[in-house]
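Spelled out from the first residue to the last, the chains are:
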Amino acid sequence: MFRTPLCDLLGIEFPILQSGMGNVAAPDLVAAVSGAGGLGIAGGLGLSRDDLRNRIRQVRQLTDRPFGVNMWLHTDLRPPADVARIPETQIKDVQQALDGMRRDLGLAPATARPAPVPDYINEAFEVILEERVPVWSIGLGDPGTAMVKRCHERNIKVIAMVATVEDGRAVARSGVDAIVAQGGEAGGHRSTWLKRGDREQAAVGTLALVPQIADAVSVPVIAAGGIVDGRGLVAALALGASGVLLGTRFVATRESKAPPMYKDALLRSGSDTTTLSDAFTGLYARVLRNQYTAAYAKSGAPVLPALVQSNAAQDIRDKAVETSNPDYYPLYAGQGVGLIDDLPGAGDVVRSIMDEANSILSGLASRIETT
């Protein structure tokens, strides 16, 4: 088994990280990945101080291995938008677009303003410091030098995800310990801290982005986007990465808290079934195309600010889960979804990726020697 500088940096056995995917990445999943030698990362988005502390302590009850906690630092959440200041016409247009879906699900139409988004970022960061979480993982934001310094004072490693070379240089200047280069194939939200003008921006493919960021910074780079197996890990290493971060592959595991209909949709989907949409949260994310994405795009309705859009459609998501209806649920998935056809344990995923990667590397060495 091989090790990379990332393994030594994070104190892990294998250079495989699991993305901190909100409530999908609950303690069981995190502990399974870390226990198998990778780095499990718990989702911390939207959790209050007490809830986040409880999640961290639950992980520690399940594993004594290093793990991380993920937070968003998007500028639109620091602080969140004031719902009371959103124009009434915008609220009306969004609710009318959602009402068509509500009719399909047997829900009553809605006219009320969505619930506000809690302002938990600062208190969540304090919990991470107090609990001395081994790794702080950042999506959609630049922590800046002050936050990184406070982490380093407590021996907390800091990883930031970016989707452009420019942002990679920015977080490197902030002093982070490693950088995730998120290729455009990746599932979930585009890791930028400002919403770009259209969905095609900040969507550079993994093959092009990883070596550019590896050349631009001096810290270890972690590749993300379309990677689900040992072949992806070997390719990432060849591009200059020291490890890989996987999201979609770990959604489709037994420990994942994704609804069963979400997992089933992943198993049934090919790589050409994804799209970039801001209709679920107000920020661009790669998801499986479904009735929700199609209907919202057809409506021409605007989207509300970050996560306020999510709150507006909370009843739709709840009903979709209740009725096991994937047509109206946010099915975050990367383009590697076409390579996923089973629901193994998360620890088995880590081990199988390493076994396959080692086999490929051995085979490549043999082929090179004989040519």
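Everything numeric here is computed off the predicted structure, so don't read it as measured data. For every chain, the first residue of its written sequence is number 1, and the numbers climb from 1 along that sequence. With the structure being a predicted model, the display of local features is reserved for residues of pLDDT at least 70 and the display and counting of side-chain atom pairs for 80 or more, all residues being used for whole-chain, interface and lining totals. Side-chain measures were taken over the full set of non-hydrogen atoms in the model, leaving aside hydrogen atoms and water.

Colleague: Please clarify how the overall build of the protein should be interpreted in this entry.
Modeller: Along the protein, the regular secondary structure elements total 15 helices and 11 strands. Taken over C-alpha atoms, the radius of gyration is set against a globule rule of 2.2 Å times the number of residues to the power 0.38. Taking 2.2 N^0.38 as the reference for a compact globule, 371 residues should give roughly 21 Å; the C-alpha atoms of the protein span a radius of gyration of 20 Å, in line with that estimate. Taken along the three principal axes of its C-alpha coordinates, the protein extends 65 × 45 × 40 Å. For every residue, the accessible area obtained with a 1.4 Å probe (protein chains only) is divided by the maximum for its type, and the residue is called buried under 20%, exposed over 50%, and partly exposed between those limits. Each of the 371 residues in the protein was classed as buried or not, and the buried ones make up 57%. Should any heavy atoms of two residues lie within 4.5 Å, those residues are counted as being in contact. Considering only intrachain contacts with a sequence separation of at least 6, the fraction spanning at least 24 residues in the protein is 70%. The Shrake-Rupley method, run with a 1.4 Å probe sphere, supplies the accessible areas, and residue values consider only the shown protein chains as cover. Taken as a whole, the protein presents about 15200 Å² of accessible surface, with 48% of it coming from carbon and sulfur. Residues scored as charged are limited to Lys and Arg (positive) and Asp and Glu (negative), so that His and the chain ends carry no count. To locate a charge, take NZ of a lysine, CZ of an arginine, CG of an aspartate or CD of a glutamate. Of note, the protein has its 37 positive side-chain charges centred 2 Å away from the centre of its 41 negative side-chain charges. Helix numbers and strand numbers start at the N terminus; a helix is a DSSP run of H or I with at least 4 residues, a strand a run of E with at least 2.

Colleague: I tried to follow the sheet that holds strand β7 (residues 188–189) on my own but got confused; where do I start?
Modeller: Pairs of strands are assigned from DSSP output, requiring at least two bridges between the strands. Strand order in the open sheet made by the 3 strands is β7-β11-β10, with antiparallel pairing throughout. Strands with a single pairing partner mark the edges of an open sheet, and in this sheet they are β7 and β10 (274–277). Inspection of the sheet shows β7 paired to strand β11 (residues 285–288) by 2 bridges, in the antiparallel sense. Opposite G188, over in β11, you have R286 as the bridge partner.

Colleague: Would you take a moment to explain the sheet that holds strand β9 (residues 243–246) for this structure?
Modeller: The strands making up a sheet are joined through hydrogen bonds of the backbone, oriented either antiparallel or parallel. Taken together, 8 strands build an open sheet; the order of strands is β1-β9-β8-β6-β5-β4-β3-β2 and the sheet is parallel. On the outer flanks of this sheet lie β1 (16–18) and β2 (40–43), each paired with one strand and no other. Going from strand to strand, the sheet's axes swing by 25° on average, the running direction of each strand aside. Lines fitted to C-alpha atoms define the axes, with helix axes restricted to the stretch in contact, and inter-axis angles between N-to-C directions lie between 0 and 180 degrees. Along the sheet, helix α7 (residues 165–173) makes contact with β5 (157–162) and β6 (178–182), crossing β5 at roughly 165°.

Colleague: Could you clarify how one ought to interpret the nonpolar core in this entry?
Modeller: Most often, soluble globular proteins keep nonpolar side chains buried together rather than apart. We define the nonpolar core as a collection of buried residues of types Ala, Val, Leu, Ile, Met, Phe, Trp, Tyr and Cys that are connected through side-chain atoms lying within 4.5 Å of one another. I16, L98, W136, I213, F250, Y292 and Y296 are the most contacted members of the largest nonpolar core, which totals 106 residues. If near-sequence neighbours (up to four positions away) are discounted, I213 is found in contact with V162, T164, V165, I179, A181 and V221. Counting residues in hydrophobic clusters, the runner-up holds 15 residues, among them I41, A178, V180 and A224.

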